[in-house]
Amino acid sequence: MSSYSDQQSSISENNRSRVLQYLYHNGICSRAQIAKAIGLTPAAITKITAKLLAQDVIEETGDMEGDKNRRSIGLNLNCAKYHIVGVKFARSLVQIAVFDLKCNRIFMTDLPTVNEEHIPETVECIRNTVRRLIKDDSSIVAVGMAVPGPYLKDEGRTALVSSMQGWRQINFIKEFSDAFDVPVFVEQDARAGALAQFLFDPELSKGSLAYYLLGEGIGLGIIDNGAIYYGERGTATEIGHVSIDVNGKPCDCGNVGCLERYCSANAIHERLNANPGIVPGCESMTHAQACSALFAKAGTGDETAMTLVRDIARYIGYGAVTIINAFNPTCIVLGDIVAQAGQPLLDEVERVVLDRTIPEIGSNTRITLSTLPTDATVTGAAAVAITNFLEHPSMFFDVA
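Residues numbered from 1 in each chain as written. Predicted model: local features only at pLDDT ≥ 70, side-chain atom pairs only at ≥ 80, totals over all residues. Heavy atoms only, no water.

## Quick look at the packing of aromatic side chains
Part 1 of the reasoning: Using the criterion set out here, one finds 15 aromatic pairs in the structure.
Part 2 of the reasoning: Ring centres of phenylalanine 89 and tryptophan 167 lie 5.5 Å apart, and the angle between their planes is 85°; on these two criteria the pair is classed as edge-to-face. Of this pair, phenylalanine 89 sits in strand β4 (residues 83-90) while tryptophan 167 sits in the loop between β9 (157-158) and α5 (172-176), placing them 78 residues apart in sequence. We note that phenylalanine 89, like tryptophan 167, is buried. (Phe/Tyr/Trp six-rings, centres within 6.5 Å; stacked < 30°, edge-to-face > 60°. Helix = DSSP H or I, 4+ residues; strand = E, 2+ residues; numbered from the N terminus. Buried < 20%, exposed > 50% of the residue type's maximum accessible area, 1.4 Å probe, protein only.)

Structure below.
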């Protein structure tokens, strides 16, 4: 009996989720439109929406024209009423932001630059900051976190954080799952970024999407026909630790010639520090600041800076070739710090891809820059929580 009851509960939750997701992606709709679109009876939709209305998850918007000129009442997901906290962990950078369900940013702050010795203090600062936000904003219903990979999703920790190994000692589930009065969801940063692209850019919601994270590390998130690709322990698609040079630079992961050692923000900063004339004062900058200064100088036409940007883009292109050969995505989206280099970077990546892939495959893969803000990963952290809000409404409301 219990098994039957659990099955029915699961079916009911799935149907509620389908209604919420349809409203989320399509805006104001009538009950009849929803029923037709997701294949449920009008009676079932009426029952589901009645409970969602009672909890103020959705709202009626007044009369609208229905089929055969009949009048219907519009329904809309109450996106502005509910807020989400997104937390981005990026080695030395931690960002915390508050969004509504459509990811309109309400608040964002950067914590002080993180160093190896003070990671535990940073964790405590995150807890205190998020608690204050929740206390001051009763609309916050969830916290999403985006953490560096390779993230062991069942264990709650990152197996490796190159250039800042202290993060390996942090179990994100233990540190944060019970820290707040709202649910917490943790995801690997590139997969979180892929979710953000999928949720907030309708052009990317079909087919296979590869989000190529070019930040303090190099990451990859793959969504194929709506499903995230994880692998056995959640560490699949770690493109940053694919070797592009078997005799190359050693990496903290134990491999040599890892892509991350050539085109991450950290690697770019290393090169600038070794050649300080390119960006004077770069030694005292953060990784993101050094990259931004380089790209700005390249934008003025400075040949040395432009040459370095093209060289970085060439390595990013090698990674894109691997992504295409391994996953054959419909689209590759370049995002995060290094993507700020813009069109010159994209042009070089596309040139490398055309030179180094089978024409029928490479030419059919669209490569684009992210249209989300530079902080796409903190947006992605929010997207992780929003996805759970839409998929598991009974975690947030008494709608059973």
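## Re the pattern of salt bridges
Part 1 of the reasoning: For the structure on display, the rule yields 16 salt bridges.
Part 2 of the reasoning: Across the salt bridge formed by arginine 127 and glutamate 124, the nearest N and O atoms sit 2.5 Å from each other. In this pair, arginine 127 and glutamate 124 both sit in helix α4 (residues 119-136), 3 residues apart, roughly one turn of the helix.
Part 3 of the reasoning: Of the charged contacts, one joins glutamate 155 and arginine 157 as a salt bridge, the two residues approaching to 3.1 Å between their closest N and O atoms.
Part 4 of the reasoning: For glutamate 155, a relative accessible area of 32% puts it in the partly exposed group.
Part 5 of the reasoning: Taking relative accessible area as the criterion, arginine 157 reaches 29% and is therefore assigned partly exposed.
Part 6 of the reasoning: One connected set of salt bridges, linked through shared partners, spans Glu124, Arg127 and Glu175. (Salt bridge = Lys/Arg side-chain N within 4 Å of Asp/Glu carboxyl O.)

## A word on the side chain of aspartate 189
Part 1 of the reasoning: Among the secondary structure elements, aspartate 189 is positioned in helix α6 (residues 189-200).
Part 2 of the reasoning: With residues up to four places along the chain from it excluded, the contact list for aspartate 189 reads Ala146, Val147, Pro148, Gly149, Leu213 and Thr377. (Contact = heavy atoms within 4.5 Å.)

## Focus: the environment of serine 394
Part 1 of the reasoning: You can see serine 394 is positioned in the segment after α13 (376-391).
Part 2 of the reasoning: Between the C-alpha atoms of serine 394 and asparagine 15, which are 379 residues apart in sequence, the distance is 12 Å.
Part 3 of the reasoning: Excluding anything up to four places from it in sequence, serine 394 contacts Glu13, Arg16 and Val399.
Part 4 of the reasoning: Among the polar contacts listed, one links the side chain of serine 394 to the side chain of glutamate 13, at a separation of 2.8 Å. (Polar contact = N/O pair within 3.5 Å; in protein donor to acceptor, adjacent residues only side chain to side chain.)

This is a description of form; function is not addressed.
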